[in-house]
Amino acid sequence: MTPQKRIGNWLKNSISAKMITVGFLILILLIPLGFVDDLIRERGQRQREVISEINTKWGEEVIINGPILKVPYHQYVEEKIYDEKTKTYLKTKNAVRHEAFFFPNELKINSNVTTQPLERGIYKSVVYTSNSNLKGTFSDLNFSEKEIDAEDILWDKATILYKVSNLKGIRNTVAINFNNHSYNLKPKFDNAYMNTLESNFIINLEEIQNNSLDFESNITINGSNRLQYIPVGKETIVAMQSNWHSPSFNGNFLPNTKGKKISKNGFEAEWKVLETNRRFGQSFFDNLPDLTDFAFGTEFLVPVDDYQKTSRTSKYGFMIIGLTLLVFLLIQISSKIPIHPFQYLMIGLALVLFYTLLISISEHKNYLFAYVVSGIAIVSLITVYSRSILKNTKFTLLILGSMLGLYSFIFVIIQLEDYALLVGSIGLFTILATIMFTSRKIDWSGQLDN
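Residues numbered from 1 in each chain as written. Predicted model: local features only at pLDDT ≥ 70, side-chain atom pairs only at ≥ 80, totals over all residues. Heavy atoms only, no water.

Participant: Would you explain the nonpolar core in this entry?
Facilitator: One recurring pattern in soluble globular proteins: nonpolar side chains tend to sit buried together. Counting residues in each nonpolar core, the largest one holds 64 residues, and the members touching the most others are Val71, Phe143, Tyr162, Phe178 and Leu205. Here this core gets 7 residues from one element, more than from any other, and that element is strand β1 (residues 62-83). Once residues within four sequence positions are removed from consideration, leucine 205 is found in contact with Val71, Leu141, Trp155, Ala158, Phe178 and Leu213. Residues Tyr307, Leu390, Ile399 and Met403 belong to the second largest nonpolar core, which totals 49 residues. (Core = buried A, V, L, I, M, F, W, Y, C linked by side-chain atoms within 4.5 Å. Buried < 20%, exposed > 50% of the residue type's maximum accessible area, 1.4 Å probe, protein only. Helix = DSSP H or I, 4+ residues; strand = E, 2+ residues; numbered from the N terminus. Contact = heavy atoms within 4.5 Å.)

Next comes the structure, spelled out in structure tokens:
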């Protein structure tokens, strides 16, 4: 026998050659599987872009800081001016205007949040409208820290302000009832992330500043993703109710365990934050710092979307292709039924097609429907094809059962979150043990019949 014939015979009949061929085909199939992964990422990125555009037009995340009482005051800077006539320096004092910021003694916020879906084409975002009632008291407007003389405090120039991250989303004229007087708040130009709403000058604040000053305000605002408040009150209490079923309580403080309720119809939560819980006091002089790091509230968490689930599913593509082709290889070795490499390639491409079907159908229906339809289509196709190849009912049923088991196993893992790794590890152990048990009697050194 010539060397060429020996090599050809080895490639045709050797178990090792078949295993190498199947392994090579699996590596080749990783190329279209990679294209599918790129397609999933591209479609997912497109979804994020559309959702971001929807949210930007409706209103992005909302952070509310306030109300804050701003009181200007004067401090004097001594300057020396040279007098040419007397050839001496004259000392003068120039008044420099500064500002003091006082936070409420008590701040109670009741927020009612209504969510709704917004759609553009096949994409959908969840946005909300929040109606927030803020009330409380100011007291102890103390300038002793700076040792400011009473006549240098500009009580008649005092104002009330809010810092809000999303002015575009505000749906009402923001006003505050302060000590039985109503003041409208108007925006001030500011390039900072937290924009300013400020009132006109407060009436008779000098006469009433030693009293407990009540206030109440309402803000209706459109937003998306998150709604948060900064605990500027010496005692801040926030109660939030919503029809959203999947909240994620985030930020610097978590809600009280008692009274927190989450159901499919919505949630209720309450926070209580004291001055001693934060790393800042009740007043600032000269500058109001950025306090957004201390914000807390709720993220209106969208459950794992279909693109995320499809992406997670595609990561098991190598395992699905490898195990399915391995089953065909074991059948070929044990039964001596010839299977051509082209037939292995067709089976592998059908397995890759599952993921394109999955992503395309899930864009118009839900993930469960898409998975079931795609799975049934591919399993049916490969089962019918294997019947024509193997011409054996028992082996055809084995292919059907193994593929149903694999796709069911992957679906269960995708649905799980906390136990996905545990269940996946147990499942892979079971699959490996089954393969080891069924292949223990195969003579791996033997040859396949023609």
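Participant: Whenever I open this one, the environment of arginine 312 confuses me. Can you help?
Facilitator: When you line up the elements, arginine 312 lands in helix α4 (residues 306-314). The class of arginine 312 is partly exposed, set by a relative accessible area of 28%. Note: C-alpha distance between arginine 312 and leucine 118 (194 residues apart in sequence) is 26 Å. When sequence neighbours within four positions are dropped, the list of residues in contact with arginine 312 reads Ile413, Ile414 and Leu416.

Participant: Just to check I follow, could you spell out the packing of aromatic side chains for this structure?
Facilitator: Ring pairs (aromatic) are described by centroid distance and by the angle formed between their planes. In the structure shown here, the tally under the stated rule is 25 aromatic pairs. Ring plane angle 70° and centroid distance 5.9 Å describe the contact between phenylalanine 143 and phenylalanine 285, whose orientation is recorded as edge-to-face. Here phenylalanine 143 is found in the loop between β4 (123-138) and β5 (159-164), whereas its partner phenylalanine 285 is found in strand β16 (residues 283-285), with 142 residues between them in sequence. Given a relative accessible area of 5%, phenylalanine 143 falls into the buried group. With a relative accessible area of 11%, phenylalanine 285 lands in the buried category. (Phe/Tyr/Trp six-rings, centres within 6.5 Å; stacked < 30°, edge-to-face > 60°.)

Participant: For this particular structure, what's the right way to read the pairing of strand β17 (residues 296-300)?
Facilitator: The element β17 is largely enclosed, with a buried count of 4 among its 5 residues. In the sheet, strand β11 (residues 226-229) pairs with β17 via 4 bridges, with the strands oriented antiparallel. The partner of glutamine 228 across the bridge, within β17, is glycine 297. The pairing of strand β13 (residues 247-251) with β17 spans 5 bridges and is antiparallel. Counted as the bridge partner of asparagine 250 is glycine 297 from β17. (Pairing = 2+ DSSP bridges.)

Participant: Where do I start with the side chain of arginine 278 in this structure?
Facilitator: Tracing the backbone through its elements, the reader meets arginine 278 in the loop between β15 (266-274) and β16. One buried charged residue, arginine 278, forms no salt bridge at all, with the nearest opposite charge on glutamate 275 at 4.3 Å. In terms of polar contacts, arginine 278 uses its side chain to reach the backbone carbonyl oxygen of proline 231, at 2.8 Å. One polar contact links the side chain of arginine 278 to the main-chain carbonyl oxygen of glycine 281, over a distance of 3.0 Å. Once residues within four sequence positions are removed from consideration, arginine 278 is found in contact with Pro231, Val232, Gly233, Lys234, Phe253 and Val273. (Lys, Arg positive; Asp, Glu negative; His and termini not counted. Salt bridge = Lys/Arg side-chain N within 4 Å of Asp/Glu carboxyl O. Polar contact = N/O pair within 3.5 Å; in protein donor to acceptor, adjacent residues only side chain to side chain.)

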